[in-house]
Amino acid sequence: MAENRASEYPEGTPCWVDAQLPDVEAGRRFYGELFGWTFEDQPQGTVRALKDGEPVASLARKTDGRLPTVWTVSFATPDAGALCRRIRVGGGQVVSPPAPFGDLGVTALVTDREGAVFALWQAGESRGFGRRHEPGTFAWVQLYTRDTETADTFYGGLFHDALFGPDADPDFGRAPVSDAFAAEMPPHFLVHFAVEDPEAGLREVARLGGRVQVPPFRTSYGTAAVVTDDQGASFALLRR
């Protein structure tokens, strides 16, 4: 599929996802069985997940046990430094400033105005996803936020062309926190992976030691179910 082999992602397009885990080997077993991923070593102790030989995600060991076990989405940018400056002007924060990730690219960790964490990716040798929008690969990311108007203003200004431009076909939406989570849940991004059968996916998640947070429910972008892996990282299964 042509869309799975994009040579470059426009600014504001979700282009990568990575999981911060206490045990990367356990992550390899869980996601390898769930999605059919294989793995290869990357710089800085991470592993890159492949689907049919193409890159789809990465797993990294948490360097501090106090950090959350979580999936993080990266948005593409041609200039991570310039985008960080715009994020600060828009009321967000820079958690980790732009830094090279080997020869693959430049990454930064940031937050929006409400504290939802996301990453930036400035491509080097790696442009991001080699495959997406098919079973076992990235399909969507949903921002759960308490203030949807603030989020619309922040991301609409930051990624206007990707969200609203003439060629826009975003894999990114937003909803109030209370729509799928307890009201006390902090604002956050939820990464969705495509599956053919969410119910079958839930059974496999349970078999592998994960758990169901929210059973399948209808959304404007498909049928989703929210789960955690066997180490507590939340993600969603999605049938478009």
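Residues numbered from 1 in each chain as written. Predicted model: local features only at pLDDT ≥ 70, side-chain atom pairs only at ≥ 80, totals over all residues. Heavy atoms only, no water.

A short note on the side chain of aspartate 229
Alright, step 1. The residue aspartate 229 is located in the loop between β13 (222-228) and β14 (234-239) in this model.
Alright, step 2. Buried and unpaired, aspartate 229 has no salt bridge, with arginine 211 as the nearest side chain of opposite charge at 8.8 Å.
Alright, step 3. Looking at aspartate 229, its side chain comes within polar contact range of the main-chain nitrogen of glutamine 231, at 2.8 Å.
Alright, step 4. Setting aside residues no more than four positions away along its own chain, aspartate 229 makes contact with Leu21, Phe30, Tyr31, Gly209, Gly210 and Phe235. (Helix = DSSP H or I, 4+ residues; strand = E, 2+ residues; numbered from the N terminus. Buried < 20%, exposed > 50% of the residue type's maximum accessible area, 1.4 Å probe, protein only. Lys, Arg positive; Asp, Glu negative; His and termini not counted. Salt bridge = Lys/Arg side-chain N within 4 Å of Asp/Glu carboxyl O. Polar contact = N/O pair within 3.5 Å; in protein donor to acceptor, adjacent residues only side chain to side chain. Contact = heavy atoms within 4.5 Å.)

Observations regarding the pattern of salt bridges
Alright, step 1. In the structure shown here, the tally under the stated rule is nine salt bridges.
Alright, step 2. The salt bridge partner of arginine 207 is glutamate 33, with a shortest N-O separation of 2.7 Å. One end of the pair, arginine 207, is in helix α5 (residues 198-207); the other, glutamate 33, is in helix α1 (residues 24-35), and 174 residues separate them in sequence.
Alright, step 3. As a salt-bridge pair, arginine 48 and glutamate 40 come within 2.5 Å of each other at their nearest N and O atoms.

Observations regarding the packing of aromatic side chains
Alright, step 1. The tally for this structure, following the rule as stated, stands at 29 aromatic pairs.
Alright, step 2. For the pair tryptophan 16 and phenylalanine 129, a centre-to-centre distance of 5.7 Å together with 35 degrees between the ring planes defines the contact as tilted. Taken together, the positions of tryptophan 16 in strand β1 (residues 14-21) and phenylalanine 129 in the loop between β8 (117-123) and β9 (138-145) put the pair 113 residues apart, joining distant regions of the chain.
Alright, step 3. We classify tryptophan 16 as buried; its relative accessible area is 11%.
Alright, step 4. Considering the side-chain rings of tryptophan 140 and tyrosine 221, the 4.5 Å spacing of their centres and the 15 degrees angle between planes classify their relative orientation as stacked. Taken as a pair, tryptophan 140 in strand β9 and tyrosine 221 in the loop between β12 (211-219) and β13 lie far apart in primary sequence, 81 residues in all. Here the two residues tryptophan 140 and tyrosine 221 agree in accessibility, since each one is buried.
Alright, step 5. Ring-pair connections join several aromatic residues into one group, and the members of that group are Phe30, Tyr31, Phe35, Trp37, Phe39, Trp71, Phe193 and Phe235. (Phe/Tyr/Trp six-rings, centres within 6.5 Å; stacked < 30°, edge-to-face > 60°.)

Topic: the UniProt feature "domain: VOC" (unreviewed entry) in the protein
Alright, step 1. Per the UniProt record, "domain: VOC" (unreviewed entry) is annotated on residues 13-123.
Alright, step 2. With 20% helix and 50% strand, residues 13-123 has end C-alpha atoms that lie 12 Å from one another. (UniProt positions renumbered as here; feature names shortened; annotations may be inferred.)

A short note on the nonpolar core
Alright, step 1. Membership of the largest hydrophobic core comes to 58 residues, with the highest contact counts inside it found for Trp37, Trp71, Phe118, Tyr155, Phe189 and Phe235.
Alright, step 2. Residues in contact with tryptophan 37, not counting those within four places in the same chain, are Tyr31, Gly32, Ala49, Leu50, Lys51, Val56, Ala57, Trp71, Gly136 and Phe193. (Core = buried A, V, L, I, M, F, W, Y, C linked by side-chain atoms within 4.5 Å.)

Remarks on the packing of α1 against α5
Alright, step 1. As a packed pair, α1 and α5 sit with axes 10 Å apart at the nearest point and diverge in direction by 155 degrees. Judged by the inter-axis angle, α1 sits roughly antiparallel to α5. Between α1 and α5 lies a crossing of right-handed hand. Between α1, through Phe30, Glu33 and Leu34, and α5, the contact on the second element is made entirely by Gly201, Glu204, Val205 and Arg207.
Alright, step 2. Residue composition of the contact of α1 with α5, by class: three nonpolar, one polar and three charged. (Axes fitted to C-alpha atoms, helices over the stretch in contact; angles between N-to-C directions. Parallel < 35°, antiparallel > 145°, perpendicular 65-115°, else oblique. Left-handed = near helix turned anticlockwise from the far one by under 90°. Nonpolar A, V, L, I, M, F, W, Y, C, P; charged D, E, K, R; others polar.)

Here's the deal with the state of the cysteines
Alright, step 1. Counted under the stated rule, the structure contains zero disulfides.
Alright, step 2. The thiol of cysteine 15 is not disulfide-bonded; the next cysteine sulfur, from cysteine 84, is found 14 Å away.
Alright, step 3. For cysteine 84, a relative accessible area of 3% puts it in the buried group. (Disulfide = S-S within 2.5 Å.)

Side note on the sheet that holds strand β2 (residues 38-41)
Alright, step 1. Taken in spatial order, the eight strands of this open sheet run β2-β3-β4-β1-β5-β8-β7-β6, and their pairing is mixed. In this open sheet, the two strands that pair with only one neighbour each are β2 and β6 (93-101). In this sheet, neighbouring strand axes are inclined to one another by 30 degrees on average, regardless of whether the strands run parallel or antiparallel.
Alright, step 2. In terms of strand pairing, strand β3 (residues 47-51) meets strand β4 (residues 54-61) through five bridges, oriented antiparallel. Counted as the bridge partner of lysine 51 is glutamate 54 from β4. (Pairing = 2+ DSSP bridges.)

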